[in-house]
Structure formats: C-alpha cells, structure tokens
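# A structural walkthrough
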Amino acid sequence: MMLSRSTAKAAIRHGGDKSRLIPTTSAIIHRLKSSGCPVTGPILKKVPTLPFVGSMIPQHSGLPEFQMSRQYEFNSEMRQKFGEFIRYGIPGFGVGLHGHMYT
C-alpha cells in the first residue's frame, strides 16, 4: 500500500491551530508508524565528516579508502557498509565546509 502525499502529511502534522511538520526523520517515521501507515524506503545514514576533509579520513569516518581508479568498487563497498541512502563528505564535490553529498 502506497501513501498519498496528503495522507503522509496528515499523519505527521502536530500542534494547535497552526500545523507544522516535525523536522526530524526519526520523529516523522515514528508518527507514520503510530498512525498505522507502512513506512518503506531507505533511511538516511550520516557518515561522520570533518571540516575541509569531509569523510576522506577512513579512521574517522569508517569509509573505505577513496581512489579514482577504484571508484565503482568504492561505491559498492559504501552501499554494503552503510545502505542505499548515504550522506558523506567529499571536499570539492560536495556542498559546504564538510563537502556534504548524498548517494
């Protein structure tokens, strides 16, 4: 059973006169589950990052070592270790001080 957009929004609204959406992913999932809606799809895993170096220090982030010659193997290893939806940092490719990007 798929959720319609209006059903999902109704399940996560809260508050008095002014309805607003709950900002955290875990709170949204909790409200959807408690309303009886099935929750499917990937959950975002956040890999640790540092300013200016992102996730490029394997000892800190837990990512496999990145080499351009092994790019496909790198992506495969990341999916096996962290799942299908990942936020990690690659300086110069990603956004901001940490180089955040999503896969």
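Refer to the preceding data block for the structure.
Below: a short report on this structure. (Residues numbered from 1 in each chain as written. Predicted model: local features only at pLDDT ≥ 70, side-chain atom pairs only at ≥ 80, totals over all residues. Heavy atoms only, no water.)

### Some points on the nonpolar core
Membership of the largest hydrophobic core is limited to eight residues, which are Val47, Leu63, Phe74, Met78, Phe82, Ile86, Tyr88 and Ile90. Looking at this core, the elements that each hand over two or more residues are α4 (71-82) and β4 (86-89). Tallying contributions element by element places α4 first for this core, with three residues. Those residues within four positions of Ile90 in sequence are excluded, and the remaining contacts are Met56, His98, Gly99 and Met101. (Core = buried A, V, L, I, M, F, W, Y, C linked by side-chain atoms within 4.5 Å. Buried < 20%, exposed > 50% of the residue type's maximum accessible area, 1.4 Å probe, protein only. Helix = DSSP H or I, 4+ residues; strand = E, 2+ residues; numbered from the N terminus. Contact = heavy atoms within 4.5 Å.)

### Here we look at the pattern of salt bridges
Per the counting criterion, the structure on display carries two salt bridges. Here Glu77 and Arg70 are joined by a salt bridge, their closest N and O atoms 2.6 Å apart. On the accessibility criterion, Glu77 (29% relative accessible area) is partly exposed. (Salt bridge = Lys/Arg side-chain N within 4 Å of Asp/Glu carboxyl O.)

### Points about the environment of Lys45
With respect to the secondary-structure elements, Lys45 resides in strand β3 (residues 45-46). Between the alpha carbons of Lys45 and Arg87 there is a distance of 6.3 Å; along the sequence they are 42 residues apart. With sequence-adjacent residues up to four places away left out, Lys45 is seen in contact with Phe82, Phe85, Ile86 and Arg87.

### Concerning α4
Helix length check: α4 (twelve residues) gives 16 Å between terminal C-alpha atoms against 16 Å at 1.5 Å per residue, within 8%. Of the positions making up α4, those classed as buried are Phe74, Met78 and Phe82. Each buried residue of α4 lies within a common arc of 35 degrees when the element is viewed along its axis, so the set occupies one face. Within α4, the exposed residues directed more than 90 degrees away from the buried face are Tyr72 and Gln80. On its buried face, α4 sits against β3, α3 (58-61) and β4. After α4 finishes, the residue Gly83 shows a positive phi value of roughly 105 degrees. (Expected span 1.5 Å × (residues − 1). Arc of directions from axis to C-beta.)

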